[in-house]
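Understanding the architecture of this molecule
The chain contents come next:
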Amino acid sequence: MDRDNQTSEENQSYARIEPYDQPAGGWGALLSVARNLKRQETFKKGSISLLNINQPTGFDCPGCAWPEKKDAHAFNFCENGAKAVAFEATNKRVTPEFFATHTVSWLSEQSDFFLEDAGRITDPMRYDRTIDKYVPISWDDAFQLIAKHLQTLDDPNQAAFYTSGRASNEAAFLYQLFVRSYGTNNFPDCSNMCHETTSVGLKDSIGLGKGTVTLDDFDQADAVFSFGHNPGTNHPRMLATLREVSKRGGTIIAINPLKERGLERFQDPQAPLEMITNGSTPISRYYFQPKVGGDYAIMFGMLKHLAEWDQQATAKAQEGVFDRSFIEMNTIGFNEMLTEVQNTSWSEIHAHTGLSPEHLEALAKLYRESKRAIFCWGMGITQHRHGTANVHMLANLMLARGHIGRSGAGLAPIRGHSNVQGDRTMGINERPSPKMLDNIDRVFGIQSPRENGMGVVETIKAMAEGRVKVFIGLGGNFAVATPDTNYTQQALRNCKLTVHITTKMNRSHLVCGQDALMLPCLGRTEVDIQEHGPQSISVEDSMSNVHLSAGRNDPISSDLLSEPDIIARIAQATLPNSQIKWRWYIESYDRIRDAISEVFDEFHDFNQRVYQSGGFHLEHPANQHVWNTPSGKAQFLITPISEVYADQEHRYTDAYTQAKVYTLMTTRSHDQYNTTLYGLDDRYRGVYGQRRVLFMNELDIQAAGFQPDQWVDIESIYSDGVKRIVHSFRIVPYNIPRGSLAAYYPETNPLVALSSHDKYAKIPASKSVPVILHLGHAPEHFNLAAEVDPEKADQIISTAPLS
Ligand SMILES: Nc1nc2c(c(=O)[nH]1)N[C@H]1C(S)=C(S)[C@@H](COP(=O)(O)OP(=O)(O)OC[C@H]3O[C@@H](n4cnc5c(=O)[nH]c(N)nc54)[C@H](O)[C@@H]3O)O[C@H]1N2
Ligand SMILES: Nc1nc2c(c(=O)[nH]1)N[C@H]1C(S)=C(S)[C@@H](COP(=O)(O)OP(=O)(O)OC[C@H]3O[C@@H](n4cnc5c(=O)[nH]c(N)nc54)[C@H](O)[C@@H]3O)O[C@H]1N2
Ligand SMILES: [Mo]
């Protein structure tokens, strides 16, 4: 059906707000899987693929980085993993004929949903500016074009090489080897928008920027604290683990401004009894709703309570609260930290938490009472101007009670992309360690550049200022995932060449440099056949388990190359005098893995170990109380509260001193994978058929003189005075603390100033955007913005493009 034929009535009746009273998972999840497979015309193929997800001989789910259960049986996937697979394993194809009928200008007018839903790209394409269309190009010509551009730059640092976290270890390793052989460390990475604060913060605190727990620890923990992540949507397989914790009497404590359904109740689609009886398992026993950005003050307050209780106990000659012998043997900075905590008044702490003093004390007590505690966290902790400080504080709390290196306890950052952690391990890092560079140089006889390169924020600025002229993206959707959309897209257009190695079309491919290429690659679900036969790739999950992944499906087109192959061919064309036998590595990926084991000690006997069922685990040295920090000890690090929250002062510009400034978090709906939209519902939050919604506290709505359902424009306020505004968001009354707002990313990315980021890790502060609201009106595309009934799955659905 043509979408223009839909009556607006039909659309509006589907676009609705309807609170969801069911648990997360359950029949709703199964129904959604079936619908999504149908929509992608993949029912048969998709179902075969689903059985192979996360199996010892199958492929790694591209959905998230949550580890697989060791005793994987028939199913080891979830609703949103199934959507990710269906989206990749679709039968829909974007062919040269498609591009011959559509100009890039026309495509740019279409929604992000339309672009990606069009299907898999089948052929390498080059942008032809004279006709404003993508036209086919041979692979060889494409590689020559890249080579020509890279060879004619004045300085290798004028090129930047982006990685999105789905790239395999093998692809990532070759990519960094090529880029360093070429001569730069410019590795902007999706991690720069995601868990970089974790990587930087944990490296400072415990010597390595990774989590310390494994799945087994969840079997022994007595308390699991969940700070700022939404497993029901983003890591649904984690709910099965949390369900087990809850069932055996462990305490789960959620700290989240939004009441997320997955953190409240879960019906496990793989537990027959629960499904048949329509039962569910409560997840969190305690749910604390701080204001957005309140976590730092909360953790600071927890420490202050612990310190006071410790003093009281020792005064009575009772056992203290802190693990003094652990602290003595393993750490530095404890007393300095305590002094800072003691010198900070309760009123200063309470001003920023958004919790009542009683609730804060109760939370601290829960932590004090736990003998084996796990801290989990996600974007609610990392994507703040004080994200690294947040991570330091998580580590402080854990170290103070000796919870690191103890079974059933430790730090569990919940990573996003399925191999984002592995890409970093493989050397995708703009600030590489000298040791790694020395190893690479020794093994390959090259001279890696020693100066640090650029991450995402610096790269955007450099492109805008003409200092970076070639942008190459290994996956991802840089133009949409990054902050300050208008500025960023102009920066990309400034480039001489933009290249995207990709499976599906997205907006980044339409924001072209003078020259632009789209290079289609194999996806995870597809078989990758090279000289020595079918190849596997490897990935590292959120808990440092490394294992193989091999697709089974026939490739969607005979003209696709694998990611490692594309990288090797770019390298060969660009560096004709290189001593590295690029294409030789592609004949068998075992050779890439052998090379990896020569560079990284922890990957010794890589091939031998990774072919064992389930792969192998990379030990975190901190669990053996080995601290690879400058001091050789774990480090307590504290930032004064006044410094953390000082940036709030900069929000007010003269023109707006009278306006109420809210803090907006930009977050994910249930029907999206980052910039990929699967649909327009956010089931657990009761939103259907639309995405331009703004969650707001009822009292704030009243106080501002607004009404539910009213349309508003959102404007962000930064001291640089640049006007950043997005139009036509519908107010949805919601259980969210006063002063805090929530809306979906990426529609709100135009609001996030590039300069607003964590000081150390430079992650854009996309969870704390200072905004004011203006009265608005329904979007022009409102009829299009309404999704059609999902039962009519073959219909086109569309959202308005980014403003
Ligand atoms: N289906 C699906 N799966 C995904 C993704 C996806 O888009 N779709 N994305 C993948 C990626 S790359 C990532 S990084 C992860 C992201 O997974 P999450 O870390 O869950 O990311 P968000 O959806 O942004 O949700 C952030 C959560 O933090 C809360 N929050 C916001 N601000 C604050 C705050 O100041 N304090 C606290 N305590 N909480 C806060 C929000 O209410 C929300 O529950 O998921 C991965 N998995
Ligand atoms: N405001 C705001 N902004 C954010 C966030 C937020 O919470 N709020 N979250 C941030 C986070 S956590 C992240 S990780 C980033 C995500 O940033 P990115 O990783 O850049 O974005 P994705 O949307 O995951 O990329 C999707 C694209 O990847 C391509 N793709 C999919 N599979 C493959 C594959 O197998 N190979 C290749 N080569 N390409 C493939 C497809 O073309 C698809 O369109 O966004 C960040 N931006
Ligand atoms: Mo992420």
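Only a predicted model underlies this, so the values are computations on that prediction, with no experimental measurement involved.

1. A closer look at the overall build of the protein
- Helix and strand counts for the protein stand at 34 helices and 33 strands.
- Relative to the 2.2 N^0.38 estimate, which gives 28 Å for 803 residues, the radius of gyration of the protein is 25 Å and therefore close to what a compact globule would have.
- For the protein, the spread of C-alpha atoms along the three principal axes comes to 80 × 65 × 60 Å.
- A fraction of 78% describes how many contacts in the protein between residues 6 or more apart in sequence connect residues 24 or more apart.
- Of the roughly 28,600 Å² that the protein leaves accessible, carbon and sulfur atoms contribute 49%.
- Of note, the protein has its 77 positive side-chain charges centred 2 Å away from the centre of its 95 negative side-chain charges.

2. Remarks on the sheet that holds strand S8 (residues 223-227)
- The strand order across the open sheet formed by five strands is S12-S9-S8-S14-S15, and the pairing between neighbours is parallel. At either margin of the open sheet sits one strand with a lone partner, and together these are strand S12 (286-288) and strand S15 (410-413). Strand after strand, the sheet turns through a mean of 15° between neighbouring axes, direction not considered.
- The sheet contact formed by strand S14 (residues 373-377) and S15 spans four bridges and is parallel. Bridge assignment links Ile-374 to a residue of S15, and that residue is Gly-410.
- Here helix H22 (residues 387-400) sits on the sheet in contact with S8, S14 and S15, set at roughly 175° to S14.

3. A closer look at the packing of helix H8 (residues 139-152) against helix H28 (residues 563-574)
- Direction vectors running N to C along H8 and H28 enclose 55°, while the axes themselves pass 8 Å from each other. By the criterion of interaxial angle, the relationship of H8 to H28 is oblique. The crossing of H8 and H28 is right-handed. Side by side, H8 and H28 meet where Trp-139, Phe-143, Gln-144, Ile-146, Ala-147, Leu-150 and Gln-151 of the first sit next to Ile-566, Arg-569, Ile-570, Ala-573 and Thr-574 of the second.

4. Digging into the pairing of strand S32 (residues 740-744)
- With five of its five residues buried, S32 lies for the most part within the structure.
- Every second residue of S32 is oriented toward a common face, with Ser-740, Ala-742 and Tyr-744 on one face and Leu-741 and Ala-743 on the other, all of them buried.
- Of the pairings in the sheet, the one linking strand S25 (residues 662-667) to S32 comprises five bridges and is parallel in character. Bridge pairing in S32 places Leu-664 opposite Leu-741.
- Note that strand S29 (residues 693-696) and S32 share two bridges and pair antiparallel. Each residue of the ladder has a partner; that of Met-696, found in S32, is Leu-741.

5. A short note on the domain arrangement of the protein
- We note that the domain assignment places domain 1 (93-191 + 420-524 + 559-607), domain 2 (196-414) and domain 3 (642-795) within the protein.
- Between the C-alpha centres of domain 1 and domain 3 there is a distance of 31 Å.
- At the interface, 17 residues of domain 1 touch 20 residues of domain 3.
- Carbon and sulfur atoms supply 58% of the area that domain 1 and domain 3 bury against each other, a total of about 1,500 Å² over both sides.
- Three residues, Phe-113, Val-457 and Asp-484, lead the burial of domain 1 against domain 3; their summed loss comes to 35% of the area buried on that side.
- The interface formed by domain 1 and domain 3 includes two salt bridges.
- Where domain 1 meets domain 3, there are ten residue pairs in polar contact (both at pLDDT 80 or more).
- Looking at the side of domain 1 that touches domain 3, the elements that each hand over two or more residues are helix H7 (112-117), helix H25 (456-464), helix H26 (478-481) and helix H27 (485-493).
- At four residues, the largest contribution of residues to the side of domain 1 that touches domain 3 is made by H25.
- Its residues assigned to classes, the side of domain 1 that touches domain 3 shows seven nonpolar, four polar and six charged.

6. Comments concerning the site of ligand 2
- Ligand 2 sits among 31 residues. The nearest are Tyr-162, Ser-164, Ala-481, Glu-563 and Thr-675.
- One of the side-chain nitrogen or oxygen atoms of Arg-166 is found 2.9 Å away from a nitrogen atom of ligand 2.
- Contact between ligand 2 and Tyr-745: an oxygen atom at 2.8 Å from a side-chain N or O atom of the residue.
- Look at ligand 2: alone it shows 940 Å² of surface, and the protein chains cover 96% of it.
- Of the residues contributing to the shell around ligand 2, the split by class is ten nonpolar, 15 polar and six charged.

7. Some thoughts on the layout of surface pockets
- Estimated volume of the largest pocket: approximately 1,100 Å³.
- Lining the largest pocket are 38 residues, with Lys-203, Leu-208, Gly-209, Asn-429 and Ser-433 positioned closest to its centre.
- Elements that contribute at least two residues to the lining of the largest pocket include exactly helix H10 (196-206), helix H23 (420-425) and helix H24 (434-444).
- Grouping the constituent residues of the lining of the largest pocket by class yields ten nonpolar, 17 polar and eleven charged.
- When residues of the lining of the largest pocket are assigned to domains, at least three fall in each of domain 1 (93-191 + 420-524 + 559-607) and domain 2 (196-414).

8. Some details on the packing of helix H9 (residues 169-182) against H24
- Relative orientation of the contacting elements H9 and H24 amounts to 85°, with a least axis distance of 12 Å. Relative to H24, H9 is oriented roughly perpendicular. Residue-level inspection shows Phe-173, Gln-176, Leu-177 and Arg-180 of H9 in contact with H24, the latter providing Met-436, Leu-437, Ile-440 and Phe-444.
- Looking at the contact of H9 with H24 residue by residue, the class counts come to six nonpolar, one polar and one charged.

9. Observations regarding the UniProt feature "domain: Molybdopterin oxidoreductase" (unreviewed entry) in the protein
- UniProt's feature table lists "domain: Molybdopterin oxidoreductase" (unreviewed entry) at residues 120-505, given in the numbering used throughout.
- With 48% helix and 14% strand, residues 120-505 has end C-alpha atoms that lie 7 Å from one another.

10. Examining the packing of aromatic side chains
- All told, the structure shown has 31 aromatic pairs when counted by the stated rule.
- Their ring planes at 85° and their centres at 5.8 Å tell us that Phe-606 and Phe-616 sit as a pair that is edge-to-face. You can see Phe-606 sitting in helix H31 (residues 606-610) and its partner Phe-616 sitting in strand S23 (residues 616-617), a full ten residues away along the chain.
- Residue Phe-616 is classed as buried on the basis of its relative accessible area of 7%.
- Between the NZ or CZ atom of Arg-16 and the centre of the ring of Tyr-688, over which it lies, the distance is 4.1 Å.
- A cation over an aromatic ring shows up here: Arg-609 above the ring of Phe-616, its NZ or CZ 4.1 Å from the ring centre.

11. Comments concerning the UniProt feature "domain: Molybdopterin dinucleotide-binding" (unreviewed entry) in the protein
- The sites that UniProt annotates as "domain: Molybdopterin dinucleotide-binding" (unreviewed entry) are residues 663-770.
- Along residues 663-770 the backbone is 6% helical and 35% strand, and the end-to-end C-alpha distance reaches 5 Å.

12. Things to note about the nonpolar core
- The biggest cluster of nonpolar side chains holds 65 residues, and the ones touching the most others in it are Leu-150, Phe-178 and Phe-444.
- Counting residues per element, this core draws most heavily on H9, which supplies nine residues.
- When residues no more than four places from it in sequence are discounted, the contact partners of Phe-444 are Phe-173, Leu-177, Ile-580, Tyr-585, Ala-595 and Val-599.
- Ranked by size, the runner-up nonpolar core spans 55 residues in total, among them Met-393, Ala-395, Met-398 and Ala-400.

Procedures and definitions
Chains are numbered independently. Their residues run from 1 in the order of the written sequence. Whichever chain is written first becomes A and whichever ligand is written first becomes 1, with later ones labelled in order. Per-residue local features are limited, in this predicted model, to residues with pLDDT of at least 70; the limit for side-chain atom pairs, both in listing and counting, is 80 or more; totals at the level of whole chains, interfaces and linings are taken over all residues. Side-chain metrics in this entry use all non-hydrogen atoms of the structure; hydrogen atoms and water are not considered. Helix and strand assignments follow DSSP, with helices taken as H or I runs no shorter than four residues and strands as E runs no shorter than two, numbered in order from the N terminus. What the globule rule says is 2.2 Å times the number of residues to the power 0.38, and the radius of gyration is computed from C-alpha atoms. Here a residue-residue contact requires only that any non-hydrogen atoms of the pair lie within 4.5 Å. Accessibility throughout is a Shrake-Rupley quantity obtained with a 1.4 Å probe, and a residue counts as covered only by protein chains that appear here. Think of it this way: Lys and Arg go in the positive column, Asp and Glu in the negative one, and His and the chain ends go nowhere. The atom standing in for a charge is NZ when the residue is Lys, CZ when it is Arg, CG when it is Asp and CD when it is Glu. We call two strands paired when DSSP finds no fewer than two bridges between them. Between N-to-C directions, angles span 0 to 180 degrees; the directions come from axes that are lines fitted to C-alpha atoms, helices contributing only their stretch in contact. In these notes the angle categories are as follows: under 35 degrees is roughly parallel, over 145 is roughly antiparallel, 65 to 115 is roughly perpendicular, and the rest is oblique. Should the near helix be turned counterclockwise from the far one by less than a right angle, the crossing is left-handed, whereas a clockwise turn marks it as right-handed. Only protein chains enter the accessibility calculation, which uses a 1.4 Å probe; a residue whose area is less than 20% of its type maximum is buried, one above 50% is exposed, and one in between is partly exposed. Each domain's extent was defined by an automatic or database domain assignment. For any pair of parts, buried area is found by adding up, for both, the accessible area (1.4 Å probe) each one loses once the two are put together. Every case where a carboxyl oxygen of Asp or Glu lies within 4 Å of a side-chain nitrogen of Lys or Arg is listed as a salt bridge. Think of a polar contact as two N or O atoms within 3.5 Å of one another; within protein, one of them needs to be a possible hydrogen donor and the other a possible acceptor, and neighboring residues in sequence only count if both atoms come from side chains. Polar here means any residue other than Ala, Val, Leu, Ile, Met, Phe, Trp, Tyr, Cys and Pro, which are nonpolar, and Asp, Glu, Lys and Arg, which are charged; Gly is therefore polar. Any residue with a heavy atom positioned within 4 Å of a molecule or strand is treated as near that molecule or strand. Using a 1 Å grid laid over the protein atoms alone, points where a 1.4 Å probe fits but cannot get out form a cavity; open sets with protein on both sides within 12 Å along at least 5 of 7 lines form a pocket; any residue with an atom within 4 Å of a point counts as lining. Grid points are joined across faces, edges and corners, and a volume is the space filled by probe spheres set on the points. UniProt positions are given in the numbering used here, feature names are shortened, and annotations may be inferred rather than shown by experiment. Classification of ring pairs uses Phe, Tyr and Trp, with its six-membered ring standing for Trp, and accepts pairs whose centres are within 6.5 Å; under 30 degrees between planes counts as stacked, over 60 as edge-to-face, and the remaining range as tilted. Two thresholds decide whether a charge sits over a ring: the Lys NZ or Arg CZ must be within 6 Å of the ring centre and within 35 degrees of the ring normal. Put simply, a nonpolar core is a bunch of buried Ala, Val, Leu, Ile, Met, Phe, Trp, Tyr and Cys residues held in one set by side-chain atoms that sit within 4.5 Å of each other.

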